[in-house]
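Commentary on secondary and tertiary structure
This is what each chain is made of:
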Amino acid sequence: MDYKNAGVDIEAGYKSVELMKEHIKKTMREEVLTNIGGFSGAFSLEKFKNMEKPTLVSGTDGVGTKLKLAFIMDKHDTIGIDCVAMCVNDIACAGGEPLFFLDYIACGKNYPEKIATIVSGVADGCAQSDAALIGGETAEMPGFYPEDEYDLAGFAVGIVDEKDLITGKDIKPGDVLVGIASSGVHSNGFSLVRKVFDMTAESLNTYYDELGKTLGEALLAPTKIYVKALRSVKEAGVTIKGCSHITGGGFYENIPRMLPEGVMASVKKDSYEVPAIFKLMAKTGNIEEQMMYNTYNMGIGMMLAVDPADVEKTIAAVKAAGEDAFVVGEIKAGDKGVELC
């Protein structure tokens, strides 16, 4: 008896690491001091010593049951982008610049080529957010996961000067809400998605005219990464008063997280076009509107609160970064919360 006969292939692990390296290489930053394969990753903060009060910000998350679609479609090259996005968007939401990322992949059986494909997506997400992929772990766990399944999670660290932290404390009535478009469902609410649609290859490969693509392509579209868009807004001289990453819990749970006491967010539902995937989901699953807005991003992946004088500069900066933005509402006096009108 040996470890391989017990279900853990050490040689496959070595091969996975070698295959990953070509993808990881493109994420490197000059501050990285170590090579992949060591026991830890080292990152120099020398570049940031001129900040008044350098402050580290962090985020950790996974992809959730969206992974089930990747299994059914046998498509694993974008799910890593989702993992990175869920972490770095939270850091950017606080005003931070992502510095480095670490991933964790747990699988029933280590297929090196599949693991390398997953990591290629992680590397793509890191490249989109200018974060270095400086380490990770691939855990082969036979008997715990089915052989053809895996879980994926990540952890990111960023930095911001304390004075530039986005806290929401200065939001006041009259401020304007600017929404940045999402790419679709992103990485939340897939337990409901999987109840609405049949999770079969046939169903996911069905083409829908209103989507302009197959159902699977629409649902598996990777989460938008907003790091460069928010950086563009900052570089345009705009002070972002509040920022909300619209994840699980949709509008109703996430927007209030950026609000101080005594104000509410008023969102106009007709201020932008809700993507077709959400309309199809609501119709197919007979889901009430309130539940849709309490579960999904409904086409807005990031919500900003800015001074009315900064609205045009904000939208122009977001568009310059390659994203779409809309004026979707305003801040009013009232109990902390959200109203849709």
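Here, the structure is the one placed above.
Read on for a plain summary of the structure. As the structure is a prediction and not an experimental result, all values here were calculated from the model.

1. Some words on empty space enclosed by the protein
Counting across every chain of the model gives 2 cavities of 30 Å³ or more. Its volume calculated, the largest cavity comes out at about 40 Å³. In terms of lining, the largest cavity is formed by Cys107, Lys109, Tyr111, Lys114, Ile115, Glu147, Asp148, Glu149 and Tyr150. Its boundaries defined by the atoms lining it, the second largest cavity holds a volume of some 30 Å³. Looking at the second largest cavity, the residues that line it are Val185, His186, Asn188, Ile246, Thr247, Thr295, Tyr296 and Asn297. Grouping the amino acids of the lining of the second largest cavity by side-chain chemistry returns 3 nonpolar, 5 polar and no charged.

2. Some words on the side chain of Ser203
With respect to the helices and strands, Ser203 occurs in helix α6 (residues 201-204). With near-sequence residues (within four places) excluded, Ser203 lies in contact with Asp198 and Leu215.

3. Description of the nonpolar core
Grouped together as the largest cluster of nonpolar side chains are 89 residues, with contacts concentrated most on Leu219, Phe251, Met281 and Met303. A total of 10 residues in this core trace back to one element, the largest contributor, which is helix α3 (residues 79-93). When residues no more than four places from it in sequence are discounted, the contact partners of Met281 are Val185, Val193, Val196, Phe197, Asn286, Ile287, Met292 and Tyr296. Core analysis: the second largest hydrophobic core is formed by 9 residues, Leu99, Phe100, Val157 and Ile159 among them.

4. A closer look at the environment of His23
Looking at the element boundaries, His23 is found in helix α1 (residues 10-24). Residue class for His23 comes out buried when judged on its relative accessible area of 19%. Among all residues touching His23, those that are not within four sequence positions of it are Ala116, Ser120 and Ala123.

5. Side note on the sheet that holds strand β2 (residues 97-107)
Taking strand neighbours across the sheet as the criterion, the 4 strands line up as β1-β4-β2-β3 in an open arrangement whose pairing is mixed. The sheet is open, and its two borders are formed by β1 (54-62) and β3 (132-140), each paired with just one other strand. Averaged over all pairs of adjacent strands, the angle between strand axes in this sheet comes to 15°, irrespective of strand direction. Alignment of β1 against strand β4 (residues 150-161), held across 9 bridges, turns out to be antiparallel. What sits directly across from Pro54, in β4, is Asp161. Contacting β2, β3 and β4, helix α4 (residues 112-129) crosses the sheet at an angle of about 165° to β2.

6. A closer look at unusual backbone geometry
Non-glycine residue Asp130 carries a positive phi angle of around 60°. A positive phi is found at Asn286, a non-glycine position, where the angle reads about 50°. Turning to its location among the elements, Asn286 is positioned in the loop between α10 (276-285) and α11 (289-293). Overall, Asn286 belongs to the exposed group, its relative accessible area being 71%.

7. What about the pattern of salt bridges?
In this structure the tally under the stated criterion is 24 salt bridges. Glu273 is paired through a salt bridge with Lys279; the nearest N and O atoms lie 2.4 Å apart. Taking relative accessible area as the criterion, Glu273 reaches 59% and is therefore assigned exposed. Linked by salt bridges that have partners in common, Arg29, Glu31, Lys47 and Glu97 make up one network.

Calculation notes
- Residues numbered from 1 in each chain as written.
- Predicted model: local features only at pLDDT ≥ 70, side-chain atom pairs only at ≥ 80, totals over all residues.
- Heavy atoms only, no water.
- 1 Å grid on protein atoms, 1.4 Å probe; cavity = no way out; pocket = protein on both sides within 12 Å on 5 of 7 lines; lining within 4 Å.
- Points joined across faces, edges and corners; volume = space filled by probe spheres on them.
- Nonpolar A, V, L, I, M, F, W, Y, C, P; charged D, E, K, R; others polar.
- Helix = DSSP H or I, 4+ residues; strand = E, 2+ residues; numbered from the N terminus.
- Contact = heavy atoms within 4.5 Å.
- Core = buried A, V, L, I, M, F, W, Y, C linked by side-chain atoms within 4.5 Å.
- Buried < 20%, exposed > 50% of the residue type's maximum accessible area, 1.4 Å probe, protein only.
- Pairing = 2+ DSSP bridges.
- Axes fitted to C-alpha atoms, helices over the stretch in contact; angles between N-to-C directions.
- Salt bridge = Lys/Arg side-chain N within 4 Å of Asp/Glu carboxyl O.

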